[in-house]
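One letter stands for each residue in the lines below.
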Amino acid sequence: PEGRRLEASMPPAGRRALARWRGVWEPQQHGAFCAPASAVAALRFLGLPGAEGATQWRVHDEVLVPHGLLTRGVSLAAGARLLRLLGFDVEERCLYDE
């Protein structure tokens, strides 16, 4: 119910973005794949090069593991580095630090 109220309160551009997000999002393919799932969805949502061939397993096997970005999860700094390696221009910010 709350999600539907939020969606109904969005302007048309917001509802279009939400529909687009729903079209590219997929559940995690492994319990520890929060970061790969988020990265793949972002690549697809933004239509970046390579988005069609991106999979959660490829992000895990070809980016996270070889670059040592996994510890007990993916930290904010490691997540920013992950996205840079995938072609995003990322600025790392934490409101707690401000």
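Residues numbered from 1 in each chain as written. Predicted model: local features only at pLDDT ≥ 70, side-chain atom pairs only at ≥ 80, totals over all residues. Heavy atoms only, no water.

As a further point, take the overall build of the chain. In terms of helices and strands, the chain carries five helices and zero strands. Traced from its N-terminal end to its C-terminal end, the chain shows the element sequence α-α-α-α-α. Dimensions of the chain, computed from the C-alpha atoms along their principal axes, are close to 45 × 35 × 25 Å. For the chain, the proportion of its 98 residues judged to be buried stands at 24%. Sequence-distant contacts in the chain: of pairs separated by 6 or more residues, those separated by 24 or more amount to 33%. A gap of 7 Å separates the mean positions of the 12 positive and 11 negative side-chain charges of the chain. (Helix = DSSP H or I, 4+ residues; strand = E, 2+ residues; numbered from the N terminus. Buried < 20%, exposed > 50% of the residue type's maximum accessible area, 1.4 Å probe, protein only. Contact = heavy atoms within 4.5 Å. Lys, Arg positive; Asp, Glu negative; His and termini not counted. Charge placed at Lys NZ, Arg CZ, Asp CG, Glu CD.)

In this model helix α3 (residues 34–46) runs 18 Å from its N-terminal to its C-terminal C-alpha over 13 residues, within 8% of the 18 Å that 1.5 Å per residue would give. Buried within α3 are the following residues: A35, P36, A37, A39, V40, A41, A42 and L43. Following α3 by one or two positions, G47 has its phi on the positive side, about 65 degrees. (Expected span 1.5 Å × (residues − 1).)

Before going further, it helps to examine the packing of aromatic side chains. Here the structure, examined in full by the defined rule, presents two aromatic pairs. Here the aromatic rings of W21 and F45 are separated by 5.7 Å at their centres, their planes lie at 65 degrees, and the arrangement is edge-to-face. Residue W21 is found in helix α2 (residues 12–24), and its partner F45 is found in helix α3; the two are separated by 24 residues along the sequence. Seen from their ring centres, F33 and W57 are 4.6 Å apart, and the 70 degrees between their planes marks the pair as edge-to-face. Taken together, the positions of F33 in the loop between α2 and α3 and W57 in helix α4 (residues 56–64) put the pair 24 residues apart, joining distant regions of the chain. By relative accessible area, which is 2% here, F33 ends up buried. The ring of F45 carries R20 above its face, with NZ or CZ at 4.8 Å from the centroid. (Phe/Tyr/Trp six-rings, centres within 6.5 Å; stacked < 30°, edge-to-face > 60°. Lys NZ or Arg CZ within 6 Å of the ring centre and 35° of its normal.)

In terms of nonpolar packing, the biggest core is built from 14 residues, with L43, L69 and L82 touching the most fellow members. Elements with a minimum of two residues in this core: α3, α4 and α5 (76–85). Tallying contributions element by element places α3 first for this core, with five residues. Setting aside residues up to four positions removed in sequence, L43 forms contacts with L48, A51, A54, L86 and F88. (Core = buried A, V, L, I, M, F, W, Y, C linked by side-chain atoms within 4.5 Å.)

Take the environment of L48 next. For L48, the position within the fold is in the loop between α3 and α4. Look at L48 and you get partly exposed, because its relative accessible area is 23%. On a C-alpha basis, the gap between L48 and L86 in space is 9.2 Å, while along the polypeptide they are 38 residues apart. Setting aside residues up to four positions removed in sequence, L48 forms contacts with L43 and F88.

Read these as spatial facts, not as claims about activity.
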